[in-house]
Amino acid sequence: MDSIVITDEFSKLLYQYLWSPTSISFGSLMARLKLMPSQSENWLYIQCDGKYIIKYPRNGIIVWLVCLEHDPFVYALFVDTFVKVLEEYIGKPTPATIKSHSDTISLLLLDMADGGFPFIIDDNQIKDLMPNKSIMDKILSSTKQLTKTANNSLNRNVAFNTFANQPSMWSRSNYSIPWRRSKVYHTNNEILIDIVEELSMITLAHNGTKDDSNSSAFYSSAVRHSKRMPLVSKITGKILVNSHLSGIPHINLRLNLKHNQLSCPSFHRAVDIPRWNSSSGLISFVPPDGVSTLVSYVTDLDRHQDFVDVEYGFFQGKQSNEFEIRLTTLSSSRVNTIENLKLEIHLPRGREYSVKVLRCTHGDLQLSRKNRYYEWIFAKEVSTGITATFRGSLVDGSDPVVDKLRPSYLQLSYENKHSLLTGLEVRSIEIEKIEGLSNQVKPYKGAKYISRVTHLIR
């Protein structure tokens, strides 16, 4: 790495860290960017004179990293970790907090990088190297006081002794479990497992040829889109662990995979991979302290369970400008409610179209003026086993007699916090042993499931 520069969204300098006298400074960086061809505001990195410039916008500030290597993604990960750790020490990074905590930022970079190379990018290991926020504030305030009152030897000794009593950075970084803080202690010991699955799917809307304008029934050939083969689909999942366990715990998480093949799993380095390969569904690990992603995976869409069914008919009515949507929340022994159920109705572009409500049995239709689409919204929680129907007509404000109108596409989204799309379940959370904690302590163990669905119908 060559340098890190932090600016506000108006390119005003807030902080810079240069790893060498020849590093690119703020002024040189801005001059180089001005000479580059106009770029999209959303670009993340750009190559300039054999160097990469990585842009990381967040909360009204922009972190710029200049690196010399040919693989900028390694350094992009470093910036992401740096910003997350920074939030723990100074709070939400804003122009004001960046300016007032420049000394803390310098200490963090000193520990995280060695001679311009990423050295430590694990959150828990950094916490071992750096004092916590309250102690850090006391140390830095003492240091600032020393510079003003150099003759106050008592304060000087206290400040220097604070640093002297700490082990060196190099000895602490050699901890045998680098992803976990050393000497962790919690008054209330617990471990929580969250499994989150997200389905993204696109299906084509098919319409029948028969229409009864005086009835709200669907065409005889109406399609249940959730059962059709999608054009594009993907279920991604991740297993999150929130650990507040003292000492060094050894955990066995046993999963009921329900015949699912977890394709392309990505494991945290805390996971014992040989045990996973030898025993299907067993995840053995020493958890990091706090929240972390234990496993990320992709699984087979053919085995997923539906929670909401969609039927959609269009080109109805005398002018073929009416459409009807039917949502059914499917009954399940494990799921009683569907949360955040919403269906977006996106209109054709180019004219001032609007939707006239003809029938709405549940929920309400609202216009999102900013994004130019309608939202059929429901209560926070919707019971299973109900069918909601919406019938409307698409009106062209500039040409009321135009026919053959239909929405461009529909987008259904909802959540369920009681079951997973794949049916995957936690069989047990076993604490094999905890080094440094009495056997009389019985930690709390819990598991939670979250399913999120985004279904686009074109």
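Criteria and thresholds
Position numbers for residues count from 1 along each chain, tracking the sequence in the order it is written. The predicted nature of this model means local features are confined to residues of pLDDT at least 70 and side-chain atom pairs, given and counted, to a pLDDT of 80 or more, with totals for whole chains, interfaces and linings taken over all residues. Here the side-chain values reflect all heavy atoms present in the structure, with hydrogen atoms and water set aside. Runs of H or I in DSSP of at least four residues are treated as helices and runs of E of at least two as strands, each being numbered from the N terminus. Only protein chains enter the accessibility calculation, which uses a 1.4 Å probe; a residue is then buried when its area is under 20% of its type maximum, exposed when over 50%, and partly exposed in between. Whether two residues touch is decided by their heavy atoms; if any such pair falls within 4.5 Å, the residues are in contact. Note that accessible areas follow from Shrake-Rupley with a 1.4 Å probe, and for residues the cover is restricted to the protein chains shown. Take a side-chain nitrogen of Lys or Arg and a carboxyl oxygen of Asp or Glu: if they are within 4 Å of each other, that pair is a salt bridge. Think of it as the arc spanned by the lines of direction from the helix axis to the C-beta atoms. Joining through side-chain atoms within 4.5 Å is the link that ties buried Ala, Val, Leu, Ile, Met, Phe, Trp, Tyr and Cys residues into a set, and such a set is a nonpolar core. Aromatic rings from Phe, Tyr and Trp, with only the six-membered ring used for Trp, were paired whenever their centres fell within 6.5 Å, and each pair was classed as stacked if the ring planes differed by under 30 degrees, edge-to-face if by over 60, and tilted otherwise. We call a charge positioned over a ring when the NZ of a Lys or the CZ of an Arg lies within 6 Å of the ring centre and within 35 degrees of the ring normal. Paired strands, as defined in this entry, are two strands with at least two bridges between them according to DSSP. For helices, the fitted line uses only the C-alpha atoms of the stretch in contact; every axis is such a line through C-alpha atoms, and the angle between N-to-C directions lies from 0 to 180 degrees.

Q: Please explain the overall build of the protein chain as it appears in this structure.
A: Looking only at helices and strands, the protein chain features 9 helices and 24 strands. Relative to its 458 residues, the protein chain shows a buried fraction of 47%. Of all intrachain contacts in the protein chain linking residues separated by at least 6 positions in sequence, the fraction that spans at least 24 positions is 74%. Summed over all atoms, the accessible surface of the protein chain reaches about 23700 Å², with 49% contributed by carbon and sulfur.

Q: Where do I start with the pattern of salt bridges in this structure?
A: This model, assessed by the stated rule, comprises 15 salt bridges. For Lys84, the salt bridge goes to Asp80, with nearest N and O atoms at 3.2 Å. Linking Lys84 with Asp80, this pair stays in helix H2 (residues 72-90), spanning 4 residues, or about one helical turn. The class of Lys84 is partly exposed, set by a relative accessible area of 40%. Among the ionic pairs, Glu344 bridges to Lys342, the shortest N-O distance being 3.6 Å. Residue classification places Glu344 among the buried positions, given a relative accessible area of 9%. The exposure class assigned to Lys342 is partly exposed, which follows from its relative accessible area of 24%.

Q: Is there a simple way to think about helix H1 (residues 26-35) in this case?
A: Given 3.6 residues per turn, any residue in an α-helix points the same way as the ones three and four places further on. Within H1 the residues assigned to the buried category are Phe26, Leu29, Met30 and Leu33. Seen end-on, H1 carries its buried residues on one side only, within an arc spanning 95°. Tucked inside the fold, the buried residues of H1 contact strand E1 (3-8), strand E2 (13-18), strand E4 (51-58) and strand E5 (61-67).

Q: Help me out: how do you make sense of the nonpolar core in this one?
A: It is characteristic of soluble globular proteins that their nonpolar side chains tend to be buried jointly. Ranked by internal contacts, the top residues of the largest apolar core, which has 35 residues, are Ile325, Leu327, Ile345 and Trp376. With sequence-adjacent residues up to four places away left out, Leu327 is seen in contact with Val308, Asp309, Val310, Leu343, Trp376, Phe378, Ile386, Thr387, Ala388 and Leu412. Counting residues in hydrophobic clusters, the runner-up holds 31 residues, among them Tyr75, Val85, Ala113 and Ile126.

Q: So what exactly am I meant to see when it comes to unusual backbone geometry here?
A: For residues other than glycine, phi is negative in most cases, and the peptide bonds are mostly trans. At Asn59, a residue that is not glycine, the phi angle is positive and equals roughly 55°. With a phi close to 55°, Ser320 is a non-glycine residue in the positive phi region. Take Ser320: its relative accessible area is 17%, and that puts it in the buried class.

Q: Mind showing me how you'd approach helix H4 (residues 102-112) here?
A: Buried residues of H4: Thr104, Ile105, Leu108, Leu109, Asp111 and Met112, and no others. All buried residues of H4 lie within an arc of 165° about the axis, which places them on one face of the element.

Q: Would you mind showing me how to read the packing of aromatic side chains here?
A: Centre-to-centre distance and the angle between the planes together describe a pair of aromatic rings. Under the definition given, this model contains 7 aromatic pairs. Between Phe323 and Phe390 the ring centres are 6.0 Å apart and the planes differ by 40°, which places this aromatic pair in the tilted class. A residue pair is termed long-range when its members are at least 10 positions apart, and Phe323 in strand E15 (residues 322-329) and Phe390 in strand E21 (residues 387-396) qualify at 67 residues. For Phe323, a relative accessible area of 0% gives the class buried. You can call Phe390 buried: its relative accessible area is 0%. Between the aromatic rings of Trp376 and Phe378, the centroid separation amounts to 4.9 Å while the plane-to-plane angle is 40°, which identifies the pairing as tilted. A residue is classified by how much of its surface remains accessible, and Phe378, at 16% relative accessible area, is buried. Within the aromatic cluster, the residues linked to one another by ring pairs are Phe323, Trp376, Phe378 and Phe390. The ring of Phe314 has Arg406 sitting right over it, with the charged end atom 4.0 Å from the ring centre.

Q: I would appreciate a short explanation of the sheet that holds strand E17 (residues 353-360) in the present structure.
A: Strand pairing within a sheet occurs via backbone hydrogen bonds; the two strands may be parallel or antiparallel. Strand order in the open sheet formed by 4 strands is E14-E15-E21-E17, and the pairing between neighbours is antiparallel. The sheet is open, and its two borders are formed by strand E14 (308-316) and E17, each paired with just one other strand. If you compare each strand with its neighbour and ignore which way they point, the axes differ by 20° on average.

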